[in-house]
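Chain and residue survey
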Amino acid sequence: MHNFIFHNPTRLIMGKGMISELEKEIPADKKIMITFGGGSVKKNGVYEQVKKALAHHDTIEFWGIEPNPAIETLRKAIELGKQEKVDFLLAVGGGSVIDGTKLISAGLLYEGDAWDLVVKGSSGKTVPMATVLTLPATGSEMNNGAVISRRETKEKLSFFADFPLFSILDPEVTFSLPPHQIACGLADTFVHVLEQYLTKAGESRVMDRWAEGLLHTIVEIAPRIKENHTDYQLMADFMMSATMALNGFIAMGVTEDWSTHMIGHELTALCGLTHGHTLAIVMPGTMYVLRQQKKAKLLQFGERIFGVVSGTDEMRIDETIRKTEAFFRSLGLTTRLSEENIGIEVIDEIERRFNERNVHYGEDGLVTGSVAREILLHVM
Ligand code: NZQ
Ligand code: ZN
């Protein structure tokens, strides 16, 4: 186990009807900007619940933070927030609205163009923010990361801001999710765990078992959610899994990877594929190409999650990769680039970008432009 300092300050408020807690959680003297996506909250009753809870607060609204939030949109929110002297932000939506609001929280206290902060990778001071989560997937409700896109250059980059002060998770608000978003959310959660687990063996029994607990849960609930995504207990377990998968709890003292995510972000930026879907395509390729480095952990993962115990080590790893891909397909996602009409020119561009940035992703820094190419060629 490596040395570490763990601190997660986000207050988690979970359960049916808990959106009403907003009234107590946000100080009455705050000028609040509530941020939203494209309007799903108006169809599922979330908007009414938020407005009711904040009826006695001073609020303004900003609408239109799109999936893979764009700097072009967020600049407008920052301008409005500065004009209105906003001193509290409430994001109501999925990872995109939350991530976008993290940039707004930094941009409100920054003089220059907020894109500078994204390029730098970290924010300075921030305005306090909180969230009402509507889509279990990213963990953004309980971490300090955000991923922002720039449409004009087709870039998508991550940066770190502050943690939300609190996040409200009511599983009932997920009942209105479209099946594709549920599939992508399950895949995203699963891959978040793998990015922190499928690295070096023997670093922490505690982290291994927590990670495996989340993986088991996802494998168990996924087919049942596909049958019925309005089952409260199932969606509560999904929400908890997604939050716990990326709030630091399974990363204490262990080595992380994140190369699948970095390649996935490029596929979204260049081709518009939904985040979780990109991971379902890339992850089996990462497992295949880095099978030597990840050998011990791949064997452990295969045995403990999918019960793969027979054959030589190489046969077991092949079977584990096959079962992982089959799991993603069982969610209703495609797992090959060709199925999404993504061709060699996209792979060329990702390799070019990675070389230009001189990247060395992954636990051993092995994932360079040419290794990313190999990974993507494997999942053509
Ligand atoms: O915009 P609205 O109308 O609200 O519709 C959204 C959107 O179209 C819809 N939706 C959300 N909740 C709903 C709902 N529809 C019906 N009922 C509900 N309850 O779902 C669509 C997708 O929403 P989005 O927020 O884009 O999805 P997600 O939560 O998967 O967020 C994806 C973004 O988060 C980033 C991704 O890269 C991507 O940009 N990530 C952020 C991370 C972080 N901050 O830690 C880590 C992740 O790895 C990820 O990279
Ligand atoms: Zn993710």
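Coordinates for the structure precede this section.
Quick caveat: nothing in here was measured; it's all calculated off a predicted structure.

1. So, the overall build of the protein chain
Helix and strand counts for the protein chain stand at 15 helices and eight strands. A compact globule built from 380 residues would reach a C-alpha radius of gyration of about 21 Å, and the protein chain, at 20 Å, matches this within 12%. Overall size of the protein chain, expressed as C-alpha extent along the three principal axes, is 65 × 45 × 45 Å. The buried share among the 380 residues of the protein chain stands at 57%. Accessible surface, the protein chain: about 15600 Å² in total, of which carbon and sulfur atoms supply 52%. Mean positive and mean negative side-chain charge positions of the protein chain (39 and 50 charges, respectively) differ by 1 Å.

2. Digging into the pattern of salt bridges
Pairing is possible between side chains that carry opposite charge, provided their charged atoms lie close to one another. Following the criterion strictly, the structure yields 30 salt bridges and no others. Ionic pairing is found between Glu84 and Lys31, a salt bridge with its closest N-O pair at 3.4 Å. Of this pair, Glu84 sits in the loop between helix H4 (71-83) and strand E4 (88-93) while Lys31 sits in strand E2 (residues 31-35), and the two are 53 residues apart along the sequence. When its relative accessible area of 31% is taken as the criterion, Glu84 is described as partly exposed. Of the residues examined, Lys31 reaches a relative accessible area of 17% and is grouped as buried. Among the salt bridges present, the one from Asp208 reaches Lys297, with a minimum N-O distance of 3.0 Å. Placement of the pair is Asp208 in helix H8 (residues 205-227) and Lys297 in helix H12 (residues 295-306), with a sequence separation of 89 residues. A single burial state applies to Asp208 and to Lys297, both of which are buried. Linked by salt bridges that have partners in common, Glu266, Glu349, Arg352, Arg353, Glu356 and Arg357 make up one network.

3. Re the site of ligand 1
Within the structure, ligand 1 sits among 33 residues, and Gly38, Ser40, Gly95, Ser96 and Lys156 are positioned closest to it. Contact between ligand 1 and Asn143: an oxygen atom at 2.9 Å from a side-chain N or O atom of the residue. At 3.0 Å, a side-chain N or O of His275 approaches an oxygen atom of ligand 1. Look at ligand 1: alone it shows 960 Å² of surface, and the protein chains cover 89% of it. Breaking the shell around ligand 1 down by element, the ones donating at least two residues are helix H5 (95-107), strand E6 (145-150), helix H7 (179-197) and helix H10 (259-271).

4. Notes on the sheet that holds strand E8 (residues 166-169)
Reading across the sheet, the six strands line up as E1-E8-E5-E4-E2-E3 and stay open at both edges, with parallel pairing between neighbours. Each edge of the open sheet carries a strand with a single partner, namely strand E1 (11-14) and strand E3 (58-62). Across this sheet, the average inter-strand angle for adjacent strands is 20°, counted without regard to direction. Here five bridges tie E2 to E3, and the two strands are oriented parallel to one another. Each bridged residue has a counterpart across the sheet, and for Ile34 the counterpart in E3 is Glu61.

5. Structural notes on the side chain of Thr10
With respect to the helices and strands, Thr10 occurs in the segment before E1. At a separation of 2.8 Å, a polar atom in the side chain of Thr10 contacts the main-chain carbonyl oxygen of Pro164. Non-local contacts of Thr10, meaning those with residues more than four positions away in its chain, are made with Glu141, Met142, Phe163, Pro164, Leu165, Phe166 and Ser167.

6. A short note on the environment of Phe159
Inspection of the secondary structure assignment puts Phe159 in strand E7 (residues 155-160). Measuring from C-alpha to C-alpha, the distance between Phe159 and Lys120 comes to 7.5 Å, with 39 residues separating the pair along the chain. What Phe159 contacts, discounting residues up to four positions off in sequence, is Lys102, Leu103, Leu117, Val118, Gly121, Ser122, Ser123, Asn144, Gly145, Ala146 and Ile148.

7. Side note on the coordination of the zinc ion (ligand 2)
Each protein donor to the zinc ion (ligand 2) is listed here as Asp188 (OD), His192 (NE2), His261 (NE2) and His275 (NE2); together their distances run 2.0 to 2.1 Å. Of note, the zinc ion (ligand 2) draws all its donor residues from one chain, in the sequence arrangement D-x3-H-x68-H-x13-H. In this pair, His192 is assigned in helix H7 and His275 in helix H11 (residues 275-289), connecting sequence segments 83 residues apart. Since its relative accessible area comes to 2%, His192 is described here as buried.

8. Points about H8
With 23 residues, H8 should cover 33 Å at 1.5 Å per step; its first-to-last C-alpha distance of 34 Å lies within 8% of that length. Of all bends in H8, the biggest is about 35°, found at Ile221, and the proline Pro223 comes one to four residues later. Listing the buried residues of H8 in full gives Met207, Asp208, Ala211, Glu212, Leu214, Leu215, Ile218, Ile221, Ala222 and Ile225. Looking at the buried positions of H8, the neighbouring elements they touch are H7, helix H9 (232-245), H12 and helix H13 (313-330). Where H8 begins, the side chain of Ser204 points an oxygen toward the backbone nitrogen of Val206, at a separation of 3.3 Å.

The rules we used
- Residues numbered from 1 in each chain as written.
- Chains lettered and ligands numbered in written order.
- Predicted model: local features only at pLDDT ≥ 70, side-chain atom pairs only at ≥ 80, totals over all residues.
- Heavy atoms only, no water.
- Helix = DSSP H or I, 4+ residues; strand = E, 2+ residues; numbered from the N terminus.
- Rg over C-alpha atoms; globule rule 2.2 N^0.38 Å.
- Buried < 20%, exposed > 50% of the residue type's maximum accessible area, 1.4 Å probe, protein only.
- Areas by Shrake-Rupley, 256 points an atom, 1.4 Å probe, with all protein chains shown as cover.
- Lys, Arg positive; Asp, Glu negative; His and termini not counted.
- Charge placed at Lys NZ, Arg CZ, Asp CG, Glu CD.
- Salt bridge = Lys/Arg side-chain N within 4 Å of Asp/Glu carboxyl O.
- Near = heavy atom within 4 Å.
- Polar contact = N/O pair within 3.5 Å; in protein donor to acceptor, adjacent residues only side chain to side chain.
- Pairing = 2+ DSSP bridges.
- Axes fitted to C-alpha atoms, helices over the stretch in contact; angles between N-to-C directions.
- Contact = heavy atoms within 4.5 Å.
- Donors = N, O, S within 2.8 Å, 3.2 Å for Na, K, Ca; no water.
- Expected span 1.5 Å × (residues − 1).
- Bend = angle between axes of the 7 residues up to and from the residue.

Function cannot be read off these values alone, since they describe shape.
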